[in-house]
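What follows is the residue order along each chain.
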Amino acid sequence: MNYDVEKIRNQFPVLALHDKDPKPFAFLDSTATTQKPECVINAMDNFYRKHYSSIKRGVYSMAAQTTDAYESARKKAAQFINAKRESEIVFTRGTTASINLAAWSYGRKYLKADDEIVISALEHHANIVSWQLIAEERGAKIKVIPVADNGDLILEKIPELVIPGKTKIVAFAHISNTIGTENPVKEIIRTIRQIDPSIKVLVDAAQSAPHVKIDVQDLDCDFLAFSGHKMYGPTGIGVLYGKYEILESMPPLEGGGEMIDQVTFEKTTFALPPDRFEAGTPPIAEVIGLGAAIDWLNQVGIEAIYQHEQEILKYAEEKLREVRGLHILGAPKHRGSLLSFTLDSAHPHDAATLLDEDGIAVRSGHHCAQPVMKRFNVPATIRASFGAYTQKWEIDRLVEGLLRVNRIFAL
């Protein structure tokens, strides 16, 4: 594979800076957030320095330039996931905001008492709590697709849980943020469509958008959510994709500028999607940064990134076997670019603190997925996750650090 990871890594200022340290920085927390390449930083800096203005409302040339950059990012996002039209892309604050928008706008209009929402046992809190809140308001019920001991969803249970006429929404992650399970999205959606074509399906793509090629038309999902900061873009920006006819049927979640058609003191009519869901002055710099991140991903190539990360994942699985008392969570058929594990010698927080002393950044805790921790009977895990820039020496440093943790805790 012609993949120059050193060249890619040098495009990330933070990594390039710390690679010169006596103990080079091992950044193994890309599942939480990715580092930013120079092109993303420059795109946002260029906006602030050269054509800062608001969008759509100004007729002067700088405002027009900014509006063009903003809408160009929407077009890039639509092409990135192969949406049928640009107006199916709604900019939000991130995956959490996207799921909440779908839950509160679609759910408030269409859910009624005793309707059912099906989620999976692998979900991040955003794809649990959002549905719990709207279900409580509307009197709906939550059902859960169980997960097997290896970390794969028990797909055979779907026909038992998804009931024609009762189930209105199914929401699940493409890739789990804890075990890394890569769910067979197309197969799951096909099964749901066979049960009841009217059921709406939301896919949480926060952990898949930077790693796996996504085609929403091929998947046939109704909604899909992802975050900019997990795909080499800035924080505070994300996308909710929705089939246009569904978005058009949904009421706005927030009121304010730009989401209106006509306003009087007696009545307001609303703009068409996506403007209907983008009230107020948007995060313009962040949208421009997201557009630059998509350009960067397209330039490097999602398929090339995926192959590189899978190579790193395989190497990490092999090397971690050298650490006595280390237990990897789950063994799914297909795993994304992360590993969660525990140590017999130390609590994950203590281990992560000691690793940080050696310049090794991992995540520790329940990863905003407490039901997963409960299912696998662990209070927390250490999570090492990989990105386009991850190198094998970082895995070697992680293993050395974990061996040091074992020595300190006298295992």
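Calculation criteria
- Residues numbered from 1 in each chain as written.
- Predicted model: local features only at pLDDT ≥ 70, side-chain atom pairs only at ≥ 80, totals over all residues.
- Heavy atoms only, no water.
- Helix = DSSP H or I, 4+ residues; strand = E, 2+ residues; numbered from the N terminus.
- Buried < 20%, exposed > 50% of the residue type's maximum accessible area, 1.4 Å probe, protein only.
- Contact = heavy atoms within 4.5 Å.
- Phe/Tyr/Trp six-rings, centres within 6.5 Å; stacked < 30°, edge-to-face > 60°.
- Lys NZ or Arg CZ within 6 Å of the ring centre and 35° of its normal.
- Salt bridge = Lys/Arg side-chain N within 4 Å of Asp/Glu carboxyl O.
- Polar contact = N/O pair within 3.5 Å; in protein donor to acceptor, adjacent residues only side chain to side chain.
- Expected span 1.5 Å × (residues − 1).
- Pairing = 2+ DSSP bridges.
- Axes fitted to C-alpha atoms, helices over the stretch in contact; angles between N-to-C directions.
- Patch = residues over 30% accessible without salt bridge, like charges linked within 9 Å, V, L, I, M, F, W, Y side chains within 5 Å.
- Areas by Shrake-Rupley, 256 points an atom, 1.4 Å probe, with all protein chains shown as cover.
- Parallel < 35°, antiparallel > 145°, perpendicular 65-115°, else oblique.
- Left-handed = near helix turned anticlockwise from the far one by under 90°.
- Nonpolar A, V, L, I, M, F, W, Y, C, P; charged D, E, K, R; others polar.

## Let's talk about the overall build of the chain
Within the chain, the secondary structure is distributed over 15 helices and 15 strands. On the principal axes, the C-alpha backbone points of the chain span a range of 75 × 55 × 35 Å. Here the chain holds 411 residues, and 56% of them are scored as buried. Long-range contacts, defined as pairs at least 24 residues apart, comprise 72% of the intrachain contacts of the chain with a sequence gap of at least 6.

## Focus: the packing of aromatic side chains
For the structure on display, the rule yields 13 aromatic pairs. Consider the rings of Phe 12 and Tyr 232, whose centres lie 5.9 Å apart with planes at 65°: the pair is edge-to-face. Remark: Tyr 232 occurs in the loop between strand E7 (223-227) and strand E8 (238-242) and Phe 12 occurs in the loop between helix H1 (5-9) and helix H2 (13-18); sequence separation between them is 220 residues. Note on accessibility: Phe 12 and Tyr 232 belong to one class, buried. Pairing Tyr 232 with Trp 296 gives two aromatic rings, centres 5.0 Å apart and planes at 50°, and the pair type is tilted. In this pair, Tyr 232 is assigned in the loop between E7 and E8 and Trp 296 in helix H11 (residues 284-300), connecting sequence segments 64 residues apart. Here the aromatic cluster, defined as three or more aromatic residues joined through ring pairs, consists of Phe 12, Phe 25, Phe 27, Tyr 232, Trp 296 and Tyr 389. In this structure, Arg 85 is placed above the aromatic ring of Tyr 244, and the distance from its NZ or CZ to the ring centre is 3.8 Å.

## Regarding unusual backbone geometry
For the bond from Pro 273 to Pro 274, the omega torsion is 5°, close enough to zero to count as cis. The topology assignment puts Pro 274 in the loop between strand E10 (268-270) and H11. Here Tyr 232, not a glycine, exhibits a phi torsion of approximately 75°, which is positive. In the Ramachandran plot, His 367 falls in the positive-phi region, its phi being about 60° despite a non-glycine side chain. Overall, His 367 belongs to the buried group, its relative accessible area being 9%.

## Considerations on the pattern of salt bridges
Following the criterion strictly, the structure yields 26 salt bridges and no others. A salt bridge links Arg 335 to Glu 317; its shortest N-O distance comes to 3.6 Å. In this pair, Arg 335 sits in the loop between strand E11 (326-328) and strand E12 (338-343) while Glu 317 sits in helix H12 (residues 302-320), placing the two residues 18 residues apart along the sequence. The buried category is assigned to Arg 335, whose relative accessible area is 8%. Residue classification places Glu 317 among the partly exposed positions, given a relative accessible area of 25%. The partner of Arg 404 in a salt bridge is Asp 358, and the shortest N-O contact between them spans 3.5 Å. Separated by 46 residues along the polypeptide, Arg 404 in helix H15 (residues 392-408) and Asp 358 in the loop between helix H13 (348-357) and strand E13 (360-361) bring together distant segments of the chain. A relative accessible area of 23% places Arg 404 in the partly exposed class. The exposure class of Asp 358 is buried, given its relative accessible area of 13%. Linked through salt bridges whose partners overlap, the residues forming this network are Lys 23, Glu 357, Asp 358 and Arg 404.

## Quick look at the environment of Thr 390
Take Thr 390: it is sitting in the loop between strand E15 (381-385) and H15. By relative accessible area, which is 0% here, Thr 390 ends up buried. For Thr 390 and Ile 55, which are 335 residues apart along the polypeptide, the C-alpha to C-alpha distance reads 37 Å. Of the polar contacts made by the side chain of Thr 390, one reaches the backbone nitrogen of Gly 387; its length is 2.8 Å.

## Some details on H15
Here H15 is 17 residues long and its end C-alpha atoms lie 25 Å apart, about the 24 Å a rise of 1.5 Å per residue gives. Burial in H15 covers these residues: Glu 394, Ile 395, Arg 397, Leu 398, Val 399, Gly 401, Leu 402, Val 405 and Asn 406. Ala 410 sits one or two residues past H15 and shows a positive phi near 55°.

## Considering the sheet that holds strand E3 (residues 116-120)
With respect to topology, seven strands assemble into an open sheet ordered E2-E8-E7-E6-E5-E3-E4, the strand pairing being mixed. At either margin of the open sheet sits one strand with a lone partner, and together these are strand E2 (89-92) and strand E4 (141-145). Between one strand axis and the next, the sheet turns through 20° on average, direction left out of account. Those strands touched by helix H5 (residues 95-110) are E2, strand E5 (167-173), strand E6 (200-204), E7 and E8, and its axis lies near 150° from that of E7. Helix H8 (residues 185-195) rests against E5 and E6 of the sheet, and its axis sits at about 165° to E6.

## Side note on a nonpolar patch on the surface
Together, Ile 260, Val 263 and Phe 270 give the surface a local cluster of nonpolar side chains, amounting to about 250 Å² of exposed area. Looking at the element boundaries, Phe 270 is found in strand E10.

## A short note on the environment of Leu 272
Tracing the chain through its elements places Leu 272 in the loop between E10 and H11. Separated by 13 residues in sequence, Leu 272 and Met 259 have C-alpha atoms that sit 8.0 Å apart. Beyond its immediate chain neighbours, meaning those up to four positions away, Leu 272 contacts Tyr 244 and Glu 248.

## Overview of the packing of H13 against H15
For any two helices packed against each other, one specifies the crossing angle of their axes together with the interaxial distance. Packing of H13 against H15 brings their axes to within 9 Å, and their N-to-C directions diverge by 120°. With respect to each other, H13 and H15 are oriented oblique. Crossing of H13 over H15 shows right-handed handedness. Seen from H13, the contacting residues are Ala 351, Leu 354, Leu 355 and Glu 357; seen from H15, they are Leu 398, Gly 401, Leu 402, Arg 404, Val 405 and Ile 408. Looking at the contact of H13 with H15 residue by residue, the class counts come to seven nonpolar, one polar and two charged.

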